[in-house]
Amino acid sequence: MSQFKIHGRGVYKGNSEGEAVVCPDSIAGNSGALGDVDGVIYEKGNVNYGVCIKDKILVVPCAKGSNGFSAHFRGAQIAGITPAGWISTRMDARLGVAVASMKIPAVADFSESENPLDLIKTGDWVKINGESGEVIVTPKELL
Amino acid sequence: MLKLTHYEQDMLNGKMGKFKQKAMMFIVDYAKVLGATELCEVSRATLFVGAQHYLDCYDKDSDYKDIFSEFYLSSDEKVTLGKVSSECKTQTCAACCDITEYKRTHLSKEFHDRNREYLENTKEMGVKIVESCTPYYVGWVPMMGEHFVTTESSNVVISNTIFGACGNSDGVEVAVCASITGRIPKWGMHIPENRLATCVFELDFDVSTQMEWDLLGFTLGRLLPKHEVPVIVNGVKNVEINRMRQLCASISVTSAAEICHIVGYTPEAKTLEMALGGKEPKYKIKVTKNDMKDSLNMISDNGCGPVDYVSIGCPHISLDEIFEISEYIKGKHLPKGVELQIWTDYATKQMAILNGYAKNIEDTGAALLTGSCPIVMREESHKHAKAMVMFGSKQAFGIRHQTDVPVYYGEVERCIDAAFSGKWEEM
């Protein structure tokens, strides 16, 4: 187990780093699934139920649920709860609005051989470059 | 590389004023995030605005113009609000409370008044107050190939699937900016080849009732591989728009699907070959009764028990369904302490009043309400409930993020029976 790099498309510029929170089934955009003011995941059944998104690198396959997805993340950001960045297997419309609205570093559109959901585990330390699309992963076992 | 027309570039440069400039800046940022290479003209929009709870990050006495600039235009600078594009027919989507009946839904006058104040502000911009998540019942119907934006996920699937119109599940901020600029990135569902089915669903059962259709959407969303486009090849009975509405709402709960072809029934799927564009599907998935059963177990609590909070109308129901409910419950009386809410849009309620359906419903003690729903009204409206019954699955599943009490779900008549008996009975 050693540090490794993967590459996607740089989606929103900026460098950031943080602890990965991997959501294999994404985070629902429905009202109440993400705390509008505290940024805590309240989606029942989400593997990260109860986790606050603040300063985390959110790793998702895509967005899902209500078209209010972006608004709940943006509201939490204005309330002071901002993730460090986004990593998504593929970009989609719901997530695209969240990224554009929150203006935080994001990398998406990975090749099939570098699916971040297969390679990154919750608790890993992840650095992302939102311009070049480079993602550097330090597995939690090395931290 | 994003290419803009002269008109779009002029708007971006501020020639049409700061309001449109800021909105176009956001559209351009969004287009770059998506990787779009051009914009397209958008001519219909619905907007999830008002005092929605995603604005809880602001103080209650904040100036709406400040909120609008920061939240919707993504601008650090306060901008004087202008008009939405004259080319884009724009109206409000689902609301955070009924337009008048705040007391019956346990909300404060202060909240109701703030919502009205925000709506009056957007009305001045040219956004019509409609308050509906099923706008196609009252005239918001995009044509085949027409580009739209909507903040209602089920309306994205309906409009792409049934009307053959083109729209993505973007989000609130972009929908607002698209209605102001009349532009949206030409990406995703706006491009014909992205609409082709890639995942074939074959059912080993039939769906006929409204709940079965609703459950099917939830199930397909669960089984749909990420980023794929579904097509159903068999098994659908009693095909009509109200059942399609349930399917389109529930598939949006469990997936990011924006279209769901049905061979023989939807315009881009007259045949399977047409739906697939002559290509081989990436996935062929058989859906079983057990898959449906698993979905039901995810949506509804098992067993039976007393209930005191029943809500029908997710998404907002049609006049035909209000008529059926009115006939079904006419002359009955709700037990003390039990609420039955039936949700539609404001215009449809007026027709229900005209036809006497509203009186039949209200005389039982039930409430015919408009524009909102328990999920969007949030916890304040339902925190007193000891056990809930919800239809459809978008509501029954989604309300679980907001409550720990039992939530039951079943056919509409069964839900209504539960209200009048005060009890959820086992089948």
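Residues numbered from 1 in each chain as written. Chains lettered and ligands numbered in written order. Predicted model: local features only at pLDDT ≥ 70, side-chain atom pairs only at ≥ 80, totals over all residues.

Caption draft 1: Just the overall build of chain B, in detail. Looking only at helices and strands, chain B has 17 helices and 16 strands in total. Here the C-alpha radius of gyration of chain B, 22 Å, is about what a compact globule of 427 residues would show, namely 22 Å. For chain B, the C-alpha atoms occupy an extent of roughly 65 × 55 × 40 Å along the three principal directions. Per-residue burial for chain B yields a buried fraction of 56% across its 427 residues. (Helix = DSSP H or I, 4+ residues; strand = E, 2+ residues; numbered from the N terminus. Rg over C-alpha atoms; globule rule 2.2 N^0.38 Å. Buried ≥ 20, exposed ≤ 12 C-beta atoms within 10 Å, placed from the backbone.)

Caption draft 2: Summary view of the overall build of chain A. Of the regular secondary structure elements, chain A holds three helices and eight strands. Starting at the N terminus, the α and β elements of chain A follow one another as β-β-β-β-α-β-α-β-α-β-β. The C-alpha radius of gyration of chain A comes to 14 Å, within 12% of the 15 Å expected for a compact globule of 143 residues. Considering only C-alpha atoms, chain A reaches an extent of 40 × 25 × 25 Å along its principal axes. Sequence-distant contacts in chain A: of pairs separated by 6 or more residues, those separated by 24 or more amount to 74%. (Contact = placed C-beta atoms within 7 Å.)

Caption draft 3: Spotlight on the pairing of strand β6 (residues 199–203) of chain B. Residue and element names in this part refer to chain B. Here β6 lies mainly inside the structure; four of its five residues are buried. One ladder, built from three bridges, connects β6 with strand β7 (residues 230–232); its direction is parallel. Looking at β7, one finds that cysteine 199 is bridged to proline 230. Running through helix α7 (residues 210–223), the crossover from β6 to the neighbouring parallel element β7 is right-handed. Both β6 and strand β9 (residues 283–287) contribute to a ladder of five bridges, which runs parallel. (Pairing = 2+ DSSP bridges. Right-handed = clockwise from strand over helix to strand, strands pointing away.)

Caption draft 4: Summary view of the domain arrangement of chain B. All names here are of chain B. When cut into domains, chain B gives domain 1 (6–192), domain 2 (196–297) and domain 3 (300–424). Each side of the interface is counted separately: domain 1 has 14 residues, and domain 2 has 16 residues. Within the side of domain 1 that touches domain 2, the residues separate by chemical class into six nonpolar, eight polar and no charged. (Domains from an automatic or database assignment. Nonpolar A, V, L, I, M, F, W, Y, C, P; charged D, E, K, R; others polar.)

Caption draft 5: Spotlight on the interface of chain A and chain B. Counting from both sides, the interface comprises 39 residues of chain A and, opposite them, 38 residues of chain B. Tallying contributions element by element places helix α2 (residues 93–102) of chain A first for the side of chain A that touches chain B, with eight residues.

Caption draft 6: Region of interest: the packing of α2(A) against helix α2 (residues 18–34) of chain B. Interaxial distance between α2(A) and α2(B) falls to 9 Å at its minimum, and their mutual angle equals 125°. Classified by the angle their axes make, α2(A) and α2(B) are oblique. Between α2(A) and α2(B) lies a crossing of right-handed hand. Across the interface between the two elements, A:Gly96, A:Val97, A:Val99 and A:Ala100 from α2(A) touch B:Phe26, B:Asp29, B:Tyr30, B:Val33 and B:Leu34 from α2(B). Residues that form the contact of α2(A) with α2(B) fall into these classes: seven nonpolar, one polar and one charged. (Axes fitted to C-alpha atoms, helices over the stretch in contact; angles between N-to-C directions. Parallel < 35°, antiparallel > 145°, perpendicular 65-115°, else oblique. Left-handed = near helix turned anticlockwise from the far one by under 90°.)

Caption draft 7: The arrangement of the sheet that holds β7(B) in detail. All names here are of chain B. Ordered in space as β8-β7-β6-β9, the four strands form an open sheet in which the pairing is parallel. Of all strands in the sheet, those with a lone pairing partner are β8 (261–262) and β9, marking the two edges. Looking at chain direction, β7 and β8 are connected through two bridges and run parallel. Along β8, the bridge assignment pairs isoleucine 232 with isoleucine 262. Of the strands in this sheet, β6, β7 and β9 are in contact with α7, which crosses β9 at around 140°.

Caption draft 8: Structural context of the packing of α7(B) against helix α8 (residues 241–254) of chain B. Residues and elements named next belong to chain B. Between α7 and α8, the least distance of the axes is 7 Å, while the angle of their chain directions is 30°. As the angle between them shows, α7 and α8 are arranged roughly parallel. Between α7 and α8 the crossing geometry is right-handed. Between α7 and α8, the residues in contact are Gln210, Trp213, Asp214, Leu216, Gly217, Phe218, Leu220, Gly221 and Arg222 and Asn242, Arg243, Gln246, Leu247, Cys248, Ala249, Ser250, Ile251, Val253 and Thr254, respectively. Residue classes in the contact of α7 with α8 are distributed as nine nonpolar, seven polar and three charged.

Caption draft 9: Seen up close, the nonpolar core. Ranked by size, the top nonpolar core spans 179 residues in total, and within it A:Val59, A:Val99, B:Ile27, B:Cys177, B:Ile342 and B:Val389 carry the most contacts. Broken down by element, this core gets its largest block of residues, ten residues, from α2(B). Those residues in contact with A:Val59 that lie beyond four places of it in its chain are A:Ala20, A:Val21, A:Val22, A:Cys23, A:Ile87, A:Pro116, A:Leu117 and A:Ile120. (Core = buried A, V, L, I, M, F, W, Y, C linked by C-beta atoms within 7 Å.)

Caption draft 10: Examining the environment of A:Gly96 more closely. With respect to the helices and strands, A:Gly96 occurs in helix α2. Spatially, the C-alpha atom of A:Gly96 lies 21 Å from that of A:Val37, the residues being 59 residues apart in sequence. Discounting chain neighbours no more than four positions away, the residues touching A:Gly96 are A:Met91, B:Tyr30, B:Val33 and B:Leu34.

Caption draft 11: Looking closely at the sheet that holds strand β5 (residues 85–88) of chain A. Residues and elements named next belong to chain A. Strand order in the open sheet formed by eight strands is β1-β8-β7-β3-β4-β5-β6-β2, and the pairing between neighbours is mixed. Since the sheet does not close on itself, it has two edges, and those belong to β1 (4–7) and β2 (9–12), each with one partner. Recorded for the sheet is a direction-independent mean angle of 30° between the axes of neighbouring strands. As judged from the five bridges shared by strand β3 (residues 15–22) and strand β7 (residues 125–129), these two strands associate in the antiparallel manner. Note that in β7 the partner of glycine 18 across the bridge is valine 126.

Caption draft 12: The environment of B:Gln210, seen in detail. All names here are of chain B. Mapped onto the secondary structure, glutamine 210 falls in helix α7. Judged by local crowding, glutamine 210 falls into the buried class, with 22 C-beta atoms found within 10 Å. As for glutamine 210 and glutamate 411, which are separated by 201 residues in sequence, their C-alpha atoms are 7.1 Å apart. Apart from residues no more than four positions distant in its own chain, glutamine 210 is found in contact with Asn242, Arg243, Gln246, Glu411 and Val412.

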